[in-house]
Structures are given as structure tokens and as C-alpha cells.
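What follows is the residue order along each chain.
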Amino acid sequence: LAWGHLEWRTGCFLHIVNLVTHLSMPIVLINTPSLDIGLISSVLACGLYTTNFLKLISYIQVNKWCRDTLGRTILRERKKTFHGGMGEYNHKTEKDEKNEEIEIINKNLVHWPDNLTVKDMYYFICVPTLCYELNFPRTDRIRKLFLLRRVLEVTLGTNLILALIQQWIVPAVVNTLVPFSSLEWPSTLERLLKLSLPSHLLWLAMFYLYFHSFLNTVGELFQFADRDFYHDWWNSRNVEKFWKNWNLPVHKFCVRHMYKPMRQAGFSKTVAFLIIFFFSAFFHEYLVSVPLKMFKPWAFLGMMGQIPLIFISKKLEARFGYQLGNLTVWASLMIGHPLAIMIYYHDFVIENHGHSLIEFYGQINSAIL
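Colleague: An account of helix 1 (residues 8-30) is requested, with residue identities and associated values reported.
Modeller: Given a rise of 1.5 Å per residue, 23 residues ought to cover 33 Å, and the 34 Å separating the end C-alpha atoms of helix 1 matches this to within 8%. Regarding helix 1, the residues found buried are Gly11, Leu19, His22, Leu23, Pro26 and Ile30.

So this is what it looks like as C-alpha cells:
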């Protein structure tokens, strides 16, 4: 494409085939019985393939923008040459001097198509961002003490999360199985509230481990200077603000590569908003259903349910103040996560072990009581 050997239509088709194949690989490999891939490995593989999928989209789009811009620039220069004739002045203007200064600065930057190298692409794959740039901000050195602190946080945080899952989450989830399956709503609500505290602590620990400790570790190793991974989502006035603040790499990707191109193409704000949430809901379900080897719509519906929740939280904020809007954000987090865990655990048991295991748990609980 860079050298004009392929038309964009052909290149676009090849890109789509590559992206679809890339996203399908975990589905095929995880569901191959002979490989016997575990749950944790499946989650990590799906997360890695999803991240690379989004990075490839950014890489393709940015290079197309550069290619189109260069084509328009060449066309303008040809028009200037054709219409300029002999009417040019030899003296320098202030604007010409500024342009010369800009050209000196630009000589130190990478320009398209000089960025199309294997080294440049692999650097983009490794750094903690989803938005490709020809020139990434870089730090002068690796801060060893800062890096050591982040590595210790990753190590200790991982062990803390594993202990929290084994000692608190698993027993609480197992206790929800029988009442949730038999639709005993008072007992189910009680178990849901008991599960909400450990699941929320787990979510907070995973957030800090990934967005602060791990991404800063990777950024420091590759001397990547842009460390804007999250804002103060805990102070969000409504659910919309929360989604804009808590995962900035994904938010920046959606704004740059989805929302703005759709708006330029003539889509309304509402339609672009709905398409982005549909896109996000698909990947939420992909990251849950594929590792569990069962395809349920709960994560997808939960993500799409954020749309009416956004409007509700905005109404509450406008009528009762930002405190109630913030309370809506925290309530959705503390109730939504344990509810999702309960539903997926129930469906996983039914899918893999049938109702007999639930009846067995019920008999054990009756014997204990």
C-alpha cells in the first residue's frame, strides 16, 4: 500500500481477513479438546489477542491517514508549481522563516513511510497504549527505583488477589449456587450482598495492579512517557464520566478511531455513542464467554444496560446533585460485579456438570443445617 502496489480496496479486504483471523484464533484454540488450555491461560490469551486487535486497527488507520495526507500534499504542491509560474518573490518573509524552523524540528521526527519497519511496529505492540503514533513521547532514562517499586507491587498484588479469590471469593460464590438456582430471592439477595464486598475489593485490587502497577512497569521498561492510564473515576458525577475516566487507553481509542471518524462520516452523536457501546459490549462478552467455553449474553447485556443507567444517573445528578450521581456509580459497581459472578458461575456449573451437582450441594447444605 505504501508503494502503490495495492489499491486500498484490496488492502482493506486483506486487513479485515487478518483482523478476523486474529480474533478467531483464541476461540479455535481454546475450544480444541486436545490442547486442554486452562481458564487463567485462556483469559490471558483473550486479553492479549483483544489488545493486539485494537492496536492493529489503530496502526492501519493512522498509516492510511498519513498516506491520504501525503497524497493531498503532493497534489497541492503540483497545483502550486503549475499556477506559480514566474511570479514568485525571492525575499524571505516571516512566515518563511517560521516554516524553516519547523522543517529543522521535523528533521528529528519520523515521517511516513519511514515508520513502516518491524522494529517500529513491535515497539507499538509492546508499549501500554492502543493509539498508534509515528513519534511516541519517550523518557530519557529508566528510573530503577520507580521500576523496582512497580515490580514489587505487581508481585505482591498478584499474590494478594490469588489469596482473596481462594479464601473469600470462592466460598462465597459456592454458597450462592443453591439459592440462586432455586430462585429463593431472600437468600439470593443475602448471598449477593455478602459477595459484593469481596468482589468489589477484588475489582479495586485488579484495577490498581493493572492500570497503575503493571502498565507503569511496562512503560518504564520501554521508556514510554505517556502514563495517562486513568483519571479520578471514583469522583465521577455520573456513569458516563466513569466510563470516560477509568480506562483511558480504551477511551482514547474509541474517541480517536471510532467516534470522530463516525461523526466525520455523518453519523449523529447518539448513533456513534450506541455503536461504541455495542463494540465494547461485544468485547466484554468475548473476554468472558471464550475462556469459559460457553456463550451467554450476560456481559453483553450488562454493558448495554449501562446506556439507560447513564441517562438515569444524569437525571439524578441534575435533580439531586452530584453526590447522588456518584452514589449511583458506586452502587452499580458493587452490585453489578457480584451479580455477574453469580450468573456466570451458575451457568458454568449447569453447562459442565448439570443440575445433579446443584442438587448435591443442596443435600450437603441441608445436612449441615
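So that's the structure; there's more coming.
Colleague: Outline the packing of helix 8 (residues 248-264) against helix 9 (residues 269-292), listing residues and values.
Modeller: One way to put it is that helix 8 packs onto helix 9 with a least axis distance of 9 Å and a crossing angle of 140°. Relative to helix 9, the element helix 8 lies oblique. Helix 9 is crossed by helix 8, and the crossing has right-handed handedness. Contact residues: Phe253, Cys254, Met258, Tyr259, Met262 and Arg263 in helix 8; Lys269, Ala272, Ile275, Ile276 and Phe279 in helix 9. Per-class residue counts for the contact of helix 8 with helix 9 are nine nonpolar, no polar and two charged.

Colleague: How would you explain the layout of surface pockets if you had to name every residue and give the values?
Modeller: Roughly 420 Å³ of internal volume is contained in the second largest pocket. What lines the second largest pocket is a set of 18 residues, and nearest its centre among them are Leu19, Ile57, Ile60, Gln61 and His257. Counting residues per element, the ones that place at least two in the lining of the second largest pocket are helix 1, helix 2 (39-84) and helix 8. Looking at which element gives the most residues to the lining of the second largest pocket, the answer is helix 1, with seven residues.

Colleague: Talk me through the packing of aromatic side chains; I want residue IDs and the actual numbers.
Modeller: As enumerated under the stated definition, the model contains 33 aromatic pairs in all. An angle of 80° between the planes, with centres 5.3 Å apart, marks the rings of phenylalanine 207 and tryptophan 233 as edge-to-face. Here phenylalanine 207 is found in helix 6 (residues 185-221), whereas its partner tryptophan 233 is found in the loop between helix 6 and helix 7 (239-245), with 26 residues between them in sequence. Exposure class is identical for phenylalanine 207 and tryptophan 233. Each is buried. Look at phenylalanine 278 and phenylalanine 300: their rings are 5.3 Å apart centre to centre, the planes differ by 85°, and that puts the pair in the edge-to-face class. Remark: phenylalanine 300 occurs in helix 10 (residues 298-304) and phenylalanine 278 occurs in helix 9; sequence separation between them is 22 residues. Given the relative accessible area of 22%, phenylalanine 300 is considered partly exposed.

Colleague: Before we move on, could you go through the nonpolar core and cite the residues and values that matter?
Modeller: Membership of the largest hydrophobic core comes to 20 residues, with the highest contact counts inside it found for Leu19, Phe53, Phe253, Met258 and Tyr286. Secondary structure elements with two or more residues in this core: helix 1, helix 2, helix 8 and helix 9. The element contributing the most residues to this core is helix 2, with six residues. Once residues lying within four places of it in the same chain are set aside, the contact partners of methionine 258 are Phe253, Ile275, Ile276 and Phe279.

Colleague: Explain the environment of isoleucine 165 to me, and be specific about the residues and the numbers.
Modeller: Turning to its location among the elements, isoleucine 165 is positioned in helix 5 (residues 144-181). Residues isoleucine 165 and leucine 202, 37 residues apart in the sequence, show an inter-C-alpha distance of 7.7 Å. In contact with isoleucine 165, not counting residues within four places along its chain, are Val170, Pro171 and Leu202.

Colleague: So, a nonpolar patch on the surface: which residues are in play, and what are the values?
Modeller: A surface patch of nonpolar side chains, amounting to about 370 Å² of accessible area, comprises Leu6, Phe13, Leu14 and Val17. Note that valine 17 resides in helix 1.

Colleague: An account of the environment of serine 236 is needed here, citing residue identities and associated values.
Modeller: Mapping serine 236 onto the fold places it in the loop between helix 6 and helix 7. Note on serine 236: relative accessible area 2%, which makes it buried. Distance from serine 236 to tyrosine 322, taken between C-alpha atoms, is 8.4 Å for residues 86 residues apart in sequence. In contact with serine 236, not counting residues within four places along its chain, are Lys241, Phe242, Asn245, Gly325, Asn326 and Val329. Of the polar contacts made by the side chain of serine 236, one reaches the backbone oxygen of tryptophan 233; its length is 2.6 Å. Engagement of the side chain of serine 236 in a polar contact is seen with the backbone nitrogen of phenylalanine 242, the distance being 3.4 Å.

Conventions and cut-offs
- Residues numbered from 1 in each chain as written.
- Predicted model: local features only at pLDDT ≥ 70, side-chain atom pairs only at ≥ 80, totals over all residues.
- Heavy atoms only, no water.
- Helix = DSSP H or I, 4+ residues; strand = E, 2+ residues; numbered from the N terminus.
- Expected span 1.5 Å × (residues − 1).
- Buried < 20%, exposed > 50% of the residue type's maximum accessible area, 1.4 Å probe, protein only.
- Axes fitted to C-alpha atoms, helices over the stretch in contact; angles between N-to-C directions.
- Parallel < 35°, antiparallel > 145°, perpendicular 65-115°, else oblique.
- Left-handed = near helix turned anticlockwise from the far one by under 90°.
- Contact = heavy atoms within 4.5 Å.
- Nonpolar A, V, L, I, M, F, W, Y, C, P; charged D, E, K, R; others polar.
- 1 Å grid on protein atoms, 1.4 Å probe; cavity = no way out; pocket = protein on both sides within 12 Å on 5 of 7 lines; lining within 4 Å.
- Points joined across faces, edges and corners; volume = space filled by probe spheres on them.
- Phe/Tyr/Trp six-rings, centres within 6.5 Å; stacked < 30°, edge-to-face > 60°.
- Core = buried A, V, L, I, M, F, W, Y, C linked by side-chain atoms within 4.5 Å.
- Patch = residues over 30% accessible without salt bridge, like charges linked within 9 Å, V, L, I, M, F, W, Y side chains within 5 Å.
- Areas by Shrake-Rupley, 256 points an atom, 1.4 Å probe, with all protein chains shown as cover.
- Salt bridge = Lys/Arg side-chain N within 4 Å of Asp/Glu carboxyl O.
- Polar contact = N/O pair within 3.5 Å; in protein donor to acceptor, adjacent residues only side chain to side chain.

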